[in-house]
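Structural features, examined
Residues per chain, in single letters:
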Amino acid sequence: MKAFPSHFVLLADYGDVPAIVTENYAFSSLGLLNKDSIAHMLLNFCITEAIDCIIPLHEYEVVPLAKSAVLFGEYGIQVLLPDADVIADYLTTEKVTRQNFAVFVHGERIFSTEEHFVPKNGSSNLNGVFSYNHTNDLKLFTI
């Protein structure tokens, strides 16, 4: 929320979600989870709800949405993820706790938990929410 202070943020998840609406954000249900058609389901949701930017956070959403980013773009919806051809560089299977976070949009750091953060590998084309540790090695934030 701190990364997007001037935007209305719609937080969504699968299944039952509490119906909360405030001036700055709301919660909404994406319906029942179907991992086989995740990109299609999220595209329909974004179109129906007039969403112009999506940040996938579940691990199973990341690769399908990265691969579908061009399609989302045709509907005016920006997918905040690294490009599909480099996304594997930002994924991790290790269970290391990372204390810091940074949000990038078109390579510009719009938020980070550390004021003077500089990514280890640069940020010229980065999109998404990343976690990092003391080495400043960015990994895509997923849940």
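For the structure given in this document, a descriptive report is provided here. (Residues numbered from 1 in each chain as written. Predicted model: local features only at pLDDT ≥ 70, side-chain atom pairs only at ≥ 80, totals over all residues. Heavy atoms only, no water.)

1. A short note on the overall build of the protein chain
Within the protein chain, the regular secondary structure consists of three helices and eight strands. Counting helices and strands in the order they occur from the N terminus, the protein chain gives β-β-α-β-α-α-β-β-β-β-β. In terms of overall dimensions, the protein chain has a C-alpha envelope of 40 × 35 × 30 Å along the principal axes. Burial status across the protein chain gives 38% buried among its 143 residues. Considering only contacts within the protein chain whose residues lie at least 6 apart along the sequence, 47% involve residues at least 24 apart. Accessible surface, the protein chain as shown: approximately 8800 Å² in total, 52% of it carbon and sulfur. Looking at the protein chain, you have 8 positive and 17 negative side-chain charges, and the mean spots of the two groups are 9 Å apart. (Helix = DSSP H or I, 4+ residues; strand = E, 2+ residues; numbered from the N terminus. Buried < 20%, exposed > 50% of the residue type's maximum accessible area, 1.4 Å probe, protein only. Contact = heavy atoms within 4.5 Å. Areas by Shrake-Rupley, 256 points an atom, 1.4 Å probe, with all protein chains shown as cover. Lys, Arg positive; Asp, Glu negative; His and termini not counted. Charge placed at Lys NZ, Arg CZ, Asp CG, Glu CD.)

2. What about helix 2 (residues 59-67)?
Glu-61, Val-62, Leu-65 and Ala-66 are the residues of helix 2 that are buried. Each buried residue of helix 2 lies within a common arc of 115 degrees when the element is viewed along its axis, so the set occupies one face. For helix 2, the elements touching its buried residues are helix 1 (38-48), strand 3 (53-54), helix 3 (69-74), strand 4 (78-79) and strand 8 (139-140). (Arc of directions from axis to C-beta.)

3. A few points about the sheet that holds strand 5 (residues 100-105)
Taken together, four strands build an open sheet; the order of strands is 6-5-7-8 and the sheet is antiparallel. What marks the edges here is a single partner per strand, and that holds for strand 6 (108-112) and strand 8. As paired strands, strand 5 and strand 6 are joined by four bridges and run antiparallel to one another. The residue bridging Phe-104 from the neighbouring strand is Arg-109, located in strand 6. (Pairing = 2+ DSSP bridges.)

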